[in-house]
Amino acid sequence: MQRSFVVDDAKAVERVAASADRGSAGHWDELRAGLSAAQSSAGVSPLWRTFFGSLGDEGWGDLRSRHRRVQQRVREDGVTYNVYADRDQGDRPWPLELLPALISADDWARIETGVAQRARLMDRVLADIYGPQALLRDALLPASMVFAHPQYLRAAHGLWQAGQAKLHIAAFDLKRRPGGGFSVLAQRVQAPSGLGYLLQNRLIIGPMFQEQFTALRVQRLAASFRSLLAGLMRASPAGERSRIAMLTPGPRNETYFEQVFLARYLGVTLVEGSDLTVRANKLFLKTLRGLEQIHVLLRRVDEEFLDPLELRPDSALGVPGLLQALRAGELVMANPPGAGFLESPGMAAFWPAVAQRLLGEPLRLPASTSWWCGESAVWAAQRGKLADFVVAPTFPDSGFGPLVAAYLSEAQRSALAERIDADPAAYTLQARVRLGEIPVWAKGRLQPRSAVIRVFALADGAGGWRVLPGALTRVAGRDSDPEPSANTHDPWLSMQHGSASVDTWVIASGAVDPSSLLPKPLTAAELTGWHRSVSSRSAENLFWLGRYTERAENAICLVRLTLLSLHEASAPVLRLLTELLQFHGLLPAEAPSPLKAPRLFERALVQGLRTDQDKHRRVTSVAHSLRSLRACAQALRERLSPEHWQLIHELDDEFEQRLDTVLAEGLGSSRVPEVLVLLARATTHLAAITGAQTDRMTRDDGWRLLSVGRQVERLHMLSHSLARGFEARVHEADDGFELLLGLFDSVITYRAQFQGRREVLPLLHLLVLDTDNPRSLAWVARTLRDRLRKLTRRDNAWVHDLTAGLSMPDQWLLTDLASTDAGGCHSALIGALQQCSAATRGLSDEIGRQLFTHVDSPDRRVWQ
């Protein structure tokens, strides 16, 4: 039974009124549902009466705690937003405010009608521009603007079948007008972002106010997403059997988190361009098991980068042949390329007449006033009024953003007018707008913040549009500049410029939709032989995630052993350590000898831990391995647990920060004790990461490949180190014997089994042949072989050929390994170890050719 709430309006109004700051004069105040004025006494709107009335005094007093829980949830979920201008700061936590935005049922009805109409209009315009072009012929749209726009793509002609929907997702940025209605600020139809963040906002804020959510009868979102997926499959040539993927630019994209989150929510595969290939006009996903056909592609890559064969030839984000797959009707794309020109602000003034021509009706949602300067009469008439406008670029990548001309000096405005004179088509004048303000809880009060609402229309595949009953609402940030300039002021509240976000609650006019995106239950037959597909890109990143984890562990171990023994070890041991450090890229070749200048050697070794090495040197630092480990993990966010990702993220940040602190004093003074503490902490962190990889990951093909990467790295490093150690005959001295055990992380194991013996036979038994020791060559090689065979069990011939040349130390004889020639050298052992190391080095390249690039493999199609 739905719980009913008794709302004491008088107390709610009194509490809110005492804690609410006055809104900006002339702006619509959502809290009071009226126009703000200096001495306004308007009461609290009915929706907010219900919200705060059901919250009660206890709930009001708990807002500070709830705000902390929201921020904690954002951090725990890893909700981030990348800022292009601040790359060195990494991913920023998603800025989410506590209180939702509330939209009444009546207001939503007007928004829903107007947004659906505009979505229909954009679809019709796209069909005309890439078809008969009647709008250009009849001068309803300026041909000079359309054809000059870099996102008008001549290659997009002929991409659609007759009668096929052109757009599948459209987004419109709305503002509340001073009179209470809504108007359109901008539209996004190329690859609209925000759906994932919209969902994440709901998942965080909804549970914080569960009683208010129920009392207000907030409409749910799942039915709209289900309609979108159903529409895409309806348009697909494979129907309900369609395989859907989402194309992402990758982890460096500003909204990568939401792409990962949205792909998970919709149950589709997240892919990058390198994951895909076009064969015979069909799009395929490269997986460990072969090629799987993709029938529907949700894209978040800008259209000019989609196909290097027909669009930008320097693109590394797209797929060669992708447009041809669209033309052949073998692929549905949401949204298809060629729609970007519709986003130009210069088009806004032309839409009313275009709507009358194509739809036979006026626009339900007006747009803010704009003037395209490419029309000479327009620019001549408005030139003297430049201070009244926001000057926006007509075309993307114009080298400037929106400028509020009123914030410019007279000289600056004159210079701007002269630039417009020189190239008027590149500029659009937009009237300055007064954005509506919504209440935001901050510092114990309700502060009014300017707001822009992004509303999404989703095609249903049957010619209709469904407007998602929610929005991505952006509000002015807490740190907004109180004295903005023309360059710092952001009139449309972009997330890139420090705006925040709020959840948006649309009040249902009828019954609340109970739909869920949970799939229908699987049957026992469907679960038989069930497996999770692993794309070749994910597979490669998992492989290198394993390699970089192992490489970082090995490098730290080698550096620690060197620093600990530098002033006490014998000359053969120091020479061996120097050789190993240089072989693994941890020490430059020109570093001084530890025998002649130990302090200078020490300094070179410690400074070699940094990432920022001289590019001309072959130095691969510990910090570089940790940064590469993080990059692989970033590309695998959808597969890693939040704890696993957090461990890797913290290790990379902490290591570089602490290392910089250690080296900041004394012009590079090594400060060895502090460095050893830092390396010990990193070792502990890596042990936790290894635990997460071993016990917290599903042991599917992806995990097996991660393990293969670790074993490849370990087998190569250990076999090479042991061979060089026996060549240098360091085992004959106590410190050399101890060094070999240390490199294999087997000192304690050896002492427990063989006490104080310094004998070659037990040493080789433990380090080479003991299959109970996970650091022995026999255990590593056997694990590597077994994981490869299980990983590629569908291609037995290839894996047999691959592993045939792999050395198997568990088949070696101890007596042969321990034998020496006339000079006392263990030639048989050294030869076997060198062969093992060489075979392992070639294994990585062969794995890449077969499993990652598919360039040498037959056309193995497992899904069509």
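Refer to the preceding data block for the structure.
Cut-offs applied
- Throughout this document, residue positions are counted from 1 along each chain, in the order its sequence is written.
- Reporting of local features is limited, given that this is a predicted model, to residues whose pLDDT is at least 70; pairs of side-chain atoms are given and counted only at 80 or more, and all residues count toward the totals for whole chains, interfaces and linings.
- Here the side-chain values reflect all heavy atoms present in the structure, with hydrogen atoms and water set aside.
- Residue exposure (1.4 Å probe, protein chains only): buried if accessible area is under 20% of the type maximum, exposed if over 50%, otherwise partly exposed.
- Runs of H or I in DSSP of at least four residues are treated as helices and runs of E of at least two as strands, each being numbered from the N terminus.
- Paired strands are those between which DSSP finds at least two bridges.
- Note on geometry: axes are lines fitted to C-alpha atoms, helical ones only across the stretch in contact, with angles between N-to-C directions running from 0 to 180 degrees.
- Throughout, a contact is declared for two residues whenever any of their heavy atoms are within 4.5 Å.
- What makes a salt bridge here is a side-chain nitrogen of Lys or Arg within 4 Å of a carboxyl oxygen of Asp or Glu, nothing more.

1. Quick notes on the pairing of strand 6 (residues 169–176)
Consideration 1: Burial within strand 6 is extensive, with eight of its eight residues counted as buried.
Consideration 2: Going residue by residue along strand 6, you find Ile169, Ala171, Asp173 and Lys175 tucked away on one face and Ala170, Phe172, Leu174 and Arg176 tucked away on the opposite face as well.
Consideration 3: Taken together, strand 6 and the strand that follows it, strand 7 (residues 182–188), pair antiparallel across an intervening segment of five residues, in which Gly180 is found at a positive phi of about 110°.

2. Comments concerning the sheet that holds strand 14 (residues 332–334)
To summarise the sheet geometry, strands pair through backbone hydrogen bonds and adopt either a parallel or an antiparallel arrangement.
Consideration 1: Read from one edge to the other, the open sheet built from four strands follows the order 9-8-13-14, with strand pairing classed as parallel. The strands lining the two open edges of the sheet, one partner per strand, are strand 9 (269–271) and strand 14. Between one strand and the next, the sheet's axes are offset by a mean angle of 25°, whatever the strand orientation.
Consideration 2: Note that strand 13 (residues 296–299) and strand 14 share three bridges and pair parallel. Of the residues in strand 14, the one forming a bridge with Leu297 is Met333.
Consideration 3: Of the strands in this sheet, strand 8 (244–247), strand 9 and strand 13 touch helix 10 (residues 256–266), which is tilted by about 150° from strand 9.

3. Quick notes on the pattern of salt bridges
Consideration 1: Evaluated as defined, the whole model comprises 47 salt bridges.
Consideration 2: Among the salt bridges present, the one from Asp275 reaches Arg537, with a minimum N-O distance of 2.7 Å. Here the residue Asp275 occupies a position in the loop between strand 9 and strand 10 (276–279), and Arg537 occupies one in helix 16 (residues 536–565), the gap between them amounting to 262 residues.
Consideration 3: We classify Asp275 as buried; its relative accessible area is 0%.

4. Here's the deal with the environment of Ala186
Consideration 1: By the element assignment, Ala186 lies in strand 7.
Consideration 2: Separated by 157 residues in the primary sequence, Ala186 and Glu343 place their C-alpha atoms 7.1 Å from one another.
Consideration 3: Leave out the neighbours within four places in its chain, and Ala186 touches Ala171, Phe172 and Asp173.

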